[in-house]
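Observations on chain architecture
One letter stands for each residue in the lines below.
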Amino acid sequence: ILEGQAALITGSTSGIGLGIARLYAEAGAKVMLNGFGKPEEIAKARAEIGALMGGGECPYSPADMSKPAEVRAMVAAAESAFGRLDILVNNAGIQFVSAVQDFPDEKWDAIIAINMSSNFHAIKAAMPGMLARKYGRIINVASAHGLVASPYKSAYVAAKHGVVGMTKSIALEIAESPITCNAICPGFVRTPLAEAQVKPLAEKHGVSEEVALKDHLLAKQPSKRWVEVEEVARMALYLVGPGSGGVNGAALSIDGGWLAA
Ligand code: NAD
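Computed from a predicted model, the values in this text were never measured in an experiment. (Residues numbered from 1 in each chain as written. Predicted model: local features only at pLDDT ≥ 70, side-chain atom pairs only at ≥ 80, totals over all residues.)

1. Looking at the sheet that holds strand 1 (residues 6–9)
Rules: Pairing between strands is defined by DSSP: at least two bridges between them are needed. Only DSSP runs of H or I covering at least 4 residues are called helices, and only runs of E covering at least 2 are called strands; the numbering of each starts at the N terminus. Two residues qualify as a contact pair if the distance between their C-beta atoms, derived from the backbone, is within 7 Å. In this description, a line fitted to the C-alpha atoms serves as the axis of each element, helices being fitted only across the stretch in contact, and the angle between N-to-C directions of two axes falls anywhere from 0 to 180 degrees.
On the basis of which strands lie adjacent, the open sheet formed by seven strands has the order 3-2-1-4-5-6-7 and parallel pairing. At either margin of the open sheet sits one strand with a lone partner, and together these are strand 3 (60–61) and strand 7 (251–254). Across six bridges, strand 5 (residues 136–141) lies against strand 6 (residues 179–186) in parallel orientation. By the bridge assignment, V141 is partnered in strand 6 with I184. Sheet strands touched by helix 5 (residues 154–173): strand 5, strand 6 and strand 7. Its angle to strand 6, the strand with the most contacts, is close to 160°.

2. Describing the site of the ligand
Threshold: Each residue gets a C-beta atom placed from its backbone. Should that atom fall within 6 Å of a molecule or strand, the residue is termed near it. Residue classes follow a fixed rule: Ala, Val, Leu, Ile, Met, Phe, Trp, Tyr, Cys and Pro count as nonpolar, while Asp, Glu, Lys and Arg count as charged, and any other residue, Gly among them, counts as polar. For each domain, the first and last residues come from an automatic or database assignment.
Around the ligand there are 29 residues in total, and G11, G15, G35, G93 and L193 lie nearest to it. Among the secondary structure elements, those contributing two or more residues to the shell around the ligand are helix 1 (15–26), helix 4 (105–133) and helix 6 (192–195). Grouping the amino acids of the shell around the ligand by side-chain chemistry returns 13 nonpolar, 15 polar and one charged. Looking at the shell around the ligand, you find at least three residues from each of domain 1 (6–187 + 227–254) and domain 2 (190–226).

3. A look at the packing of helix 7 (residues 198–205) against helix 8 (residues 209–216)
Between two packed helices, the angle of one axis relative to the other and the distance separating the axes together describe the packing. As a reminder of what qualifies: Angle categories are assigned with fixed cut-offs, so that under 35 degrees is roughly parallel, over 145 is roughly antiparallel, 65 to 115 is roughly perpendicular, and the rest are oblique.
Contact geometry for helix 7 and helix 8: axes closest at 8 Å, N-to-C directions at 95°. It follows from the interaxial angle that helix 7 and helix 8 lie roughly perpendicular. For the pair helix 7 and helix 8, contact is made by V198, K199, L201, A202 and H205 and by E209, A212, L213 and H216, respectively. Partitioned by chemical class, the residues of the contact of helix 7 with helix 8 number five nonpolar, two polar and two charged.

4. Quick word on unusual backbone geometry
Convention followed: Any residue whose C-beta has 12 or fewer other C-beta atoms within 10 Å is treated as exposed, any with 20 or more as buried, and any in between as partly exposed, C-beta atoms being built from the backbone.
Positive phi values are uncommon outside glycine, yet K134 reaches one of about 60°. Here K134 shows up in the loop between helix 4 and strand 5. The exposure class assigned to K134 is exposed, which follows from the 9 C-beta atoms found within 10 Å.

So this is what it looks like as structure tokens:
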């Protein structure tokens, strides 16, 4: 369903971004990857997605999402690699958990830059081409924490609420065009970013990792199970597939019931 379309997915060397890249490539899109990681892991991801695209390594940008000039250069590189950019998925993100009085300033700055401002810089850079070609699909991977808060995540919750607000504002700007801009709001998804939070919780509460996962990390997720990467990727595929043009400015929850409680 994505034959002939070109997609750029930030933070796609791991987790949700890699899952979206996989599904988009399987659906026929040309995909550019971005993100950090060990060179061999990046090479593996490029080879895997490249094979799904019909052979060779897929294009990759090493751009650091905390640096606006690199974000702009990444969008330009995607446009020049593919001659177009139909789909932009802003997904790169980091987490840091701490009481506000101990929250390091540099962590605050990094989370705001990577999780929120990079979305603005990428959309700003991609929009002229989408407007000129009269088509575009923009997805911002926000979070349940873009809609509600949890303690000790002031920077993350601020950034993700910002992403949801930015999504709505940009959606209104382009509402009469054939471009859409939406946010996906996952609960806890089984990825390195979320799994890294289990061990510290187990240590803090003096319980096993299994108990820490169910009773503490997933305390607000009524399903009491991880959302899976492929489930989030399927929502991201829907938003760029046929029949999705009426969805604009939405913040779609995929959180095992979290926001319903
Ligand atoms: P992950 O750690 O598996 O992947 C994060 C990706 O972002 C990696 O490819 C990493 O290299 C990249 N990245 C980090 N800093 C970067 C930078 N400065 N420049 C470029 N790339 C950078 O995490 P994930 O769980 O797949 O998270 C993806 C997105 O989903 C994030 O925005 C996260 O906030 C969001 N999210 C995750 C969950 C969850 O439970 N896993 C829940 C809600 C929202």
